[in-house]
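# Chain and residue survey
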Amino acid sequence: DAVSWDPKCENQVGLASGAKPAAKKSGGFTDKEAKYEDVPWSKLPLSARKAAKAIGFEQQSWDDKKWIDIDDKHWSELTPEEQAECETLGWDAISWDEKYENQSWEDMPNHVQKAAEKLGWDQENWDDDWDTPTWEKGWEEFTEEEQRCLHVLGYCMQTWD
């Protein structure tokens, strides 16, 4: 295996010729599946950093988890360019606008079902819109793993509480 070195990255990655590095997983989800919400600016892949910058983030606003202008828009109000940048960060129309709340269990991607399960839902209580103890907690009461699951669903600190 050859070792590729990118001076912009903190990590060296051993890669076979032409291979791509595996997506980073934490809590069972890739950073993209979790919308990069818990990844500091300095650790964002270049494509994610460029996308974040294009929609209005700077390092300080990203790391401080600031609400920015684009956060006030519905998906349909985003320009095609903004939608593409948000997709680079893991968002789609359903996670952006609805947090999957109006989706049936079987229509949700597998990684979203897995996140919902870790938060106490299953197909029956999701489809029947049952409350779970999750709804009663404030953001700071969640473990880092639970917060990451909420990121997968499309929530962040500002949209949860």
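Residues numbered from 1 in each chain as written. Predicted model: local features only at pLDDT ≥ 70, side-chain atom pairs only at ≥ 80, totals over all residues. Heavy atoms only, no water.

Roughly 710 Å³ of internal volume is contained in the second largest pocket. Along the walls of the second largest pocket sit 33 residues, with Glu37, Trp91, His151, Cys156 and Gln158 positioned nearest its centre. Here the lining of the second largest pocket gets five residues from one element, more than from any other, and that element is helix H7 (residues 144–153). Per-class residue counts for the lining of the second largest pocket are 12 nonpolar, eight polar and 13 charged. (1 Å grid on protein atoms, 1.4 Å probe; cavity = no way out; pocket = protein on both sides within 12 Å on 5 of 7 lines; lining within 4 Å. Points joined across faces, edges and corners; volume = space filled by probe spheres on them. Helix = DSSP H or I, 4+ residues; strand = E, 2+ residues; numbered from the N terminus. Nonpolar A, V, L, I, M, F, W, Y, C, P; charged D, E, K, R; others polar.)

Turning to unusual backbone geometry, a few remarks are in order. Located in the positive-phi region is Tyr36, a residue other than glycine, with phi close to 60 degrees. Within the secondary structure, Tyr36 sits in the loop between strand S4 (29–30) and helix H1 (46–54). Despite not being glycine, Lys65 shows a phi value in the positive range, around 55 degrees. Checked against the element boundaries, Lys65 lands in the loop between helix H2 (59–63) and helix H3 (80–88). Of the residues examined, Lys65 reaches a relative accessible area of 35% and is grouped as partly exposed. (Buried < 20%, exposed > 50% of the residue type's maximum accessible area, 1.4 Å probe, protein only.)

Let us now look at the environment of Glu144. Inspection of the secondary structure assignment puts Glu144 in helix H7. Take Glu144: its relative accessible area is 71%, and that puts it in the exposed class. Along the backbone, Glu144 and Gly27 are 117 residues apart, and their C-alpha atoms lie at a distance of 8.7 Å.

For the structure shown, the criterion picks out 12 aromatic pairs. Judged by centre distance (5.3 Å) and plane angle (85 degrees), the ring pair of Trp91 and Trp96 falls under edge-to-face. Of the two residues, Trp91 and Trp96, both sit in the buried class. Ring geometry for Trp121 versus Trp135: centroids 5.6 Å apart, planes at 75 degrees, classification edge-to-face. Pair noted here: Trp121 is in the loop between helix H5 (110–118) and helix H6 (123–127) and Trp135 is in the loop between H6 and H7, with a separation of 14 residues, a long-range link. Grouped by ring-pair contacts, the aromatic residues Trp105, Trp121, Trp126, Trp135, Trp139, Phe142, Tyr155 and Trp160 constitute a single cluster. Of note, Lys35 hangs over the ring of Trp91, and the distance from its end group to the ring centre comes to 5.5 Å. Positioned above the aromatic ring of Phe29, the side-chain terminus of Lys114 is 5.3 Å from the ring centre. (Phe/Tyr/Trp six-rings, centres within 6.5 Å; stacked < 30°, edge-to-face > 60°. Lys NZ or Arg CZ within 6 Å of the ring centre and 35° of its normal.)

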